[in-house]
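The lines below spell out each chain.
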There are 2 protein chains.
Amino acid sequence: MNHPIIEDLLWRHTTKKYDNTRKIPQADLDVFLEALRLTASSINSQPWKFVVLASDAAKARMKHTFGDISPLNQQHVIDGSHVILFGNHPRYSRDDYAAVVDQDIKVARTRPENRDAAFGACVYVEKNTDSHGSTSSWTKAQTYIALGNALHTLARLKIDSTPMEGLDAAAVTKEFAKELDGHECSLALVIGYHHPEGDFNAKLSKSRKPFEQVFTVI
Amino acid sequence: MNHPIIEDLLWRHTTKKYDNTRKIPQADLDVFLEALRLTASSINSQPWKFVVLASDAAKARMKHTFGDISPLNQQHVIDGSHVILFGNHPRYSRDDYAAVVDQDIKVARTRPENRDAAFGACVYVEKNTDSHGSTSSWTKAQTYIALGNALHTLARLKIDSTPMEGLDAAAVTKEFAKELDGHECSLALVIGYHHPEGDFNAKLSKSRKPFEQVFTVI
């Protein structure tokens, strides 16, 4: 199938070795972060905080959280251009939704006199709060929409990436507690450029299950 | 910020009323489904099944699952061009991963003699299986990557959409049990074209929390 969208998605792969001499130009990084900010989420809750590790010091702190696990992921963190921590809100509440409502009023989506009514969407927050008061399951899912949007955006920008569930969530959440501002983190994304020789995955063909195994059309 | 990616993401909105006279051309639908198929997932597990509701009969079955809830979502299901059910695997296992490994062999990503070794990634399945044997939390998250990829793809194709968590997951999973082939469904996506007058959301400005509330760069 010949189409720019399909070409972009065929272009992307999960990078297995980064070129540590290359940094993402600021203009591209700005587009990427703006795209991430524009991600859709349930009731526009945006229950996330993204921590962008740009400095060597920040990346070293991230590497340290792995301890003995995932040596390959540790190397990506150091060799990649940037690392994005995807933080999700463990106890999203009506108070958190106020930031959304007030932004809606600011951009004239919602009239100030309708502020109270705008919190009606919070029945949805209640529905997604478990018996222990946790919203983690719901808010974590929203960060994966952001990941899907991020991977598509990066493919268009021809920036390589490695999504990372293989991390020590408790250690990352603790180490970056201040920056995550109450959010927990079990997902990260390394971005940069693959090593021209060392990234074996860049040379392999893409593999996905065939259409008939994945779709049923009725 | 002037950039085609940002223009696309600013263009999209959650449609609140569909034009029931318009159908998505088959060529665009084909690109969309292929993009969905190419979605990245943890260890390339692809732990999903997408059921595409194209016929009036299938959409009527979906409407029926709502019972008394979400009358607006019921209307979208009927008025939209197509509805996609995002099914996730509740008990993903080594046997399911075999379909991935065998496809890898087919496209020469993996050599046949390395088949056993390719199952090494399954330690990751075990890590994401809870004490009741459920993989729902992990596989559901993967379907949200697909949702994020889908929304970006649709924006490029200028197809409107409405993501839907507001459905009766048990009823949908039961009604479409055959088509979902053992997968459960708590997420759907209506796609089509918004009603030129009736979609109030098409006219409102997009609202997202400002950069400094969402990002910390260190």
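Residues numbered from 1 in each chain as written. Chains lettered and ligands numbered in written order. Predicted model: local features only at pLDDT ≥ 70, side-chain atom pairs only at ≥ 80, totals over all residues. Heavy atoms only, no water.

On to the overall build of chain A, then. On a plain count of helices and strands, chain A comes out with 11 helices and five strands. Dimensions of chain A, computed from the C-alpha atoms along their principal axes, are close to 60 × 45 × 35 Å. Here chain A holds 218 residues, and the buried ones make up 54% of them. Between the centroid of the 26 positive side chains of chain A and the centroid of its 27 negative side chains there is a distance of 2 Å. (Helix = DSSP H or I, 4+ residues; strand = E, 2+ residues; numbered from the N terminus. Buried < 20%, exposed > 50% of the residue type's maximum accessible area, 1.4 Å probe, protein only. Lys, Arg positive; Asp, Glu negative; His and termini not counted. Charge placed at Lys NZ, Arg CZ, Asp CG, Glu CD.)

A separate point is the relation of the copies chain A and chain B. With an axial shift of 0.0 Å and an RMSD of 0.0 Å, the rotation relating chain A to chain B amounts to 180°. Here the copies are linked by what is in effect a two-fold axis. Among all residues of chain A, the minimum C-alpha distance to the rotation axis is found for A:Gly148, at 2.1 Å. Both copies contact each other with a shared surface, as 100% of the interface residues of chain A are interface residues in chain B too. (Least-squares fit on C-alpha atoms with pLDDT ≥ 70 in both. Contact = heavy atoms within 4.5 Å.)

Further remarks concern the sheet that holds strand 4 (residues 184–192) of chain B. With respect to topology, five strands assemble into an open sheet ordered 5(A)-1(B)-2(B)-4(B)-3(B), the strand pairing being mixed. Edge strands, defined here as strands with exactly one partner in the open sheet, are strand 5 (215–217) of chain A together with strand 3 (160–164) of chain B. Across the sheet, the mean angle separating the axes of adjacent strands is 20° when strand polarity is ignored. Bridge count for strand 5 of chain A against strand 1 (residues 48–53) of chain B is three bridges, and the pairing is parallel. When the sheet's bridge partners are listed, A:Val217 is paired in strand 1 of chain B with B:Val52. Packed on one face of the sheet, helix 2 (residues 26–37) of chain B meets strand 5 of chain A together with strand 1, strand 2 (82–88) and strand 4 of chain B and runs near 10° to strand 2 of chain B. (Pairing = 2+ DSSP bridges. Axes fitted to C-alpha atoms, helices over the stretch in contact; angles between N-to-C directions.)

This paragraph deals with the pairing of strand 4 of chain B. Residues and elements named next belong to chain B. Of all nine residues that make up strand 4, eight are buried, and the element is covered over most of its length. As judged from the seven bridges shared by strand 2 and strand 4, these two strands associate in the antiparallel manner. Bridging from a neighbouring strand, leucine 85 pairs with alanine 188 of strand 4.

Residue and element names in this part refer to chain A. Tallied over the entire structure, the rule returns 14 salt bridges over all chains. Arginine 37 serves as the salt-bridge partner of glutamate 34, at 2.9 Å between the closest nitrogen and oxygen. Highlighted residues: glutamate 34 and arginine 37, both in helix 2 (residues 26–37), separated by three residues, approximately one helical turn. As far as the burial class goes, glutamate 34 and arginine 37 line up, both buried. Between arginine 61 and glutamate 175 there is a salt bridge, and its shortest N-O distance comes to 2.6 Å. Highlighted residues: arginine 61 in helix 3 (residues 56–65) and glutamate 175 in helix 9 (residues 169–175), separated in sequence by 114 residues. Assessed through its relative accessible area of 30%, glutamate 175 is described here as partly exposed. (Salt bridge = Lys/Arg side-chain N within 4 Å of Asp/Glu carboxyl O.)

Residues and elements named next belong to chain A. Summed over all chains, the structure comprises 14 aromatic pairs over all chains. Relative to phenylalanine 86, the ring of phenylalanine 50 has its centre 5.3 Å away and its plane inclined at 85°; by these criteria the two rings are edge-to-face. In this pair, phenylalanine 50 sits in strand 1 (residues 48–53) while phenylalanine 86 sits in strand 2 (residues 82–88), placing the two residues 36 residues apart along the sequence. Each of the two residues, phenylalanine 50 as well as phenylalanine 86, counts as buried. Across the ring face of tyrosine 193, the terminal group of arginine 22 is positioned such that the distance to the ring centre comes to 3.9 Å. (Phe/Tyr/Trp six-rings, centres within 6.5 Å; stacked < 30°, edge-to-face > 60°. Lys NZ or Arg CZ within 6 Å of the ring centre and 35° of its normal.)

Attention shifts here to the environment of B:Pro47. Residue and element names in this part refer to chain B. Relative to the assigned elements, proline 47 resides in the loop between helix 2 and strand 1. Note on proline 47: relative accessible area 1%, which makes it buried. In sequence terms proline 47 and histidine 183 are 136 residues apart; their C-alpha atoms lie 8.7 Å from each other.

We now examine the domain arrangement of chain A. Residues and elements named next belong to chain A. Under the domain assignment used here, chain A contains domain 1 (4–41 + 48–91 + 135–214) and domain 2 (93–128). Here the C-alpha centre of domain 2 lies 30 Å away from the C-alpha centre of domain 1. Contacts between the two partners involve four residues from domain 1, matched on the other side by five residues from domain 2. Here domain 1 packs against domain 2, burying approximately 390 Å² in sum over the two surfaces, 60% of which is carbon and sulfur. Here domain 1 and domain 2 share zero salt bridges between them. Across the contact surface, domain 1 and domain 2 share two residue pairs in polar contact (both at pLDDT 80 or more). Residues that form the side of domain 1 that touches domain 2 fall into these classes: one nonpolar, two polar and one charged. (Domains from an automatic or database assignment. Buried area = accessible area lost by both parts, 1.4 Å probe. Polar contact = N/O pair within 3.5 Å; in protein donor to acceptor, adjacent residues only side chain to side chain. Nonpolar A, V, L, I, M, F, W, Y, C, P; charged D, E, K, R; others polar.)

Within the secondary structure, A:Ile5 sits in helix 1 (residues 4–11). Judged by its relative accessible area of 1%, A:Ile5 falls in the buried class. With residues up to four places along the chain from it excluded, the contact list for A:Ile5 reads A:His152, B:Val31, B:Ala35, B:Thr153, B:Arg156 and B:Leu157.

This part covers the UniProt feature "domain: Nitroreductase" (unreviewed entry) in chain A. Residues annotated by UniProt as "domain: Nitroreductase" (unreviewed entry) correspond here to residues 10–193 of chain A. Note that residues 10–193 of chain A is 48% helix and 15% strand, and that its end C-alpha atoms are spaced 16 Å apart. (UniProt positions renumbered as here; feature names shortened; annotations may be inferred.)

Residue and element names in this part refer to chain A. Across the six residues that make up strand 1, a large majority, six, are buried. In strand 1, alternate side chains face the same way, and those of Trp48, Phe50 and Val52 on one face and Lys49, Val51 and Leu53 on the other are all buried. By the bridge criterion, six bridges tie strand 1 to strand 2 in an arrangement that is antiparallel. Note that in strand 2 the partner of lysine 49 across the bridge is glycine 87.

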